[in-house]
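The lines below spell out each chain.
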Amino acid sequence: MSVTENLRAVEKRVSEALKRAGRPENSVTVLAVSKTKPVSDIRELLQAGHRDFGENYVQELKEKADLLPEARFHMIGHLQRNKVKQTVGRAVMIHSVDSLRLAEEISKESVKQGVVTDILMEINGGNEESKFGYDFSEALDAAAEIVRLPGIRLRGLMCVAPFVDDPEKNRPIFRKMYQLAVDIRSKNADNTDMNVLSMGMTGDFEIAVEEGATIVRVGTAIFGERSRKAFQELTFAE
Ligand SMILES: *Cc1c(COP(=O)(O)O)cnc(C)c1O
């Protein structure tokens with residue numbers, strides 16, 4: 001199967017999940033997670049009319065975004081403050097804001113560039129030591145601080161749920177994410193437009209859609225398995 005056929009299959013599963021949940025058609029964006037994958041794969045999807053892609057590494061996002069101006073790249077990986085300068089103005093949205101200091105850096109750089117950067121707060125939904133993000137319990141207070149910053153707009157929440165054998169196990173996390181987004185939205189703060197829930201990956205995106213995801217981030221089901229080695233060997237310039 002080509003990457004385009006894979007994407008269509010994912011989109012079909014998304015629309016079936018939307019139907020099951022009684023949600024409107026086309027209310028979910030499939031973010032094609034192209035990290036470590038070659039520009040030729042992205043070009044194929046661009047030709048098929050797909051626009052939204054997710055990248056984890058700033059250098060890779062930068063190279064691909066500069067080569068493919070018609071694509072919309074989202075930053076979904078952990079972001080270090082010293083890489084913010086290269087990310088702002090290139091990424092259409094930063095999904096992985098996990099500290100006030102990072103938000104402040106994005107704010108500063110956005111003001112400098114004269115842009116408003118759309119951000120999501122990353123939530124450590126499974127409470128895993130190894131993962132980045134706010135705990136559910138601290139997210140409301142953190143949101144209140146973040147939205148005071150100029151040059152950024154809080155658009156919603158993101159989580160990387162635990163890797164599980166049965167995706168049903170992540171349903172309670174997705175449900176809590178939805179509720180937290182409702183709670184933050186109800187504060188009606190400035191600099192917010194809370195309508196994005198970025199959750200669900202290859203193993204669990206249908207459950208996430210049933211629980212209210214508006215963006216699913218799907219890599220493996222579209223592009224196939226990844227290896228770190230492939231990334232190191234690739235040069236993205238053609
Ligand atoms: C790699 C990655 C994905 C995609 O994962 P798959 O399981 O391949 O669909 C989604 N979100 C983030 C943050 C990732 O790092």
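Figured I'd write up the structure that's included with this text.

So, how was this worked out
Residues numbered from 1 in each chain as written. Predicted model: local features only at pLDDT ≥ 70, side-chain atom pairs only at ≥ 80, totals over all residues. Heavy atoms only, no water. Buried < 20%, exposed > 50% of the residue type's maximum accessible area, 1.4 Å probe, protein only. Helix = DSSP H or I, 4+ residues; strand = E, 2+ residues; numbered from the N terminus. Pairing = 2+ DSSP bridges. Salt bridge = Lys/Arg side-chain N within 4 Å of Asp/Glu carboxyl O. Core = buried A, V, L, I, M, F, W, Y, C linked by side-chain atoms within 4.5 Å. Contact = heavy atoms within 4.5 Å.

1. Some thoughts on the pairing of strand β4 (residues 93–97)
A regular strand places its side chains so that they alternate between the two faces of the sheet. With five of five residues buried, β4 lies mostly within the body of the structure. Across two bridges, strand β3 (residues 72–75) lies against β4 in parallel orientation. What sits directly across from methionine 75, in β4, is isoleucine 94. Pairing of β4 with strand β5 (residues 117–123), which is carried by two bridges, proceeds in the parallel orientation. Paired with valine 97 across the bridge in β5 is methionine 121.

2. Let's talk about the pattern of salt bridges
One pass over the full model with this rule turns up 19 salt bridges. Between lysine 12 and glutamate 16 there is a salt bridge, with its nearest N and O atoms 3.5 Å apart. You can see lysine 12 and its partner glutamate 16 sitting in helix α1 (residues 3–20), four residues apart, about one turn around the helix. The class of glutamate 16 is partly exposed, set by a relative accessible area of 35%. The partner of glutamate 60 in a salt bridge is lysine 64, and the shortest N-O contact between them spans 2.7 Å.

3. Notes on the nonpolar core
Counting residues in hydrophobic clusters, the biggest one holds 64 residues, and the most contacted among them are Ile106, Leu157 and Ile222. With residues up to four places along the chain from it excluded, the contact list for leucine 157 reads Leu120, Met121, Ile123, Met177, Leu180, Ala181, Ile184, Met194, Val196, Leu197 and Ser198. In terms of nonpolar packing, the next biggest core, distinct from the first, is built from eight residues, Leu31, Val33, Leu120 and Met158 among them.

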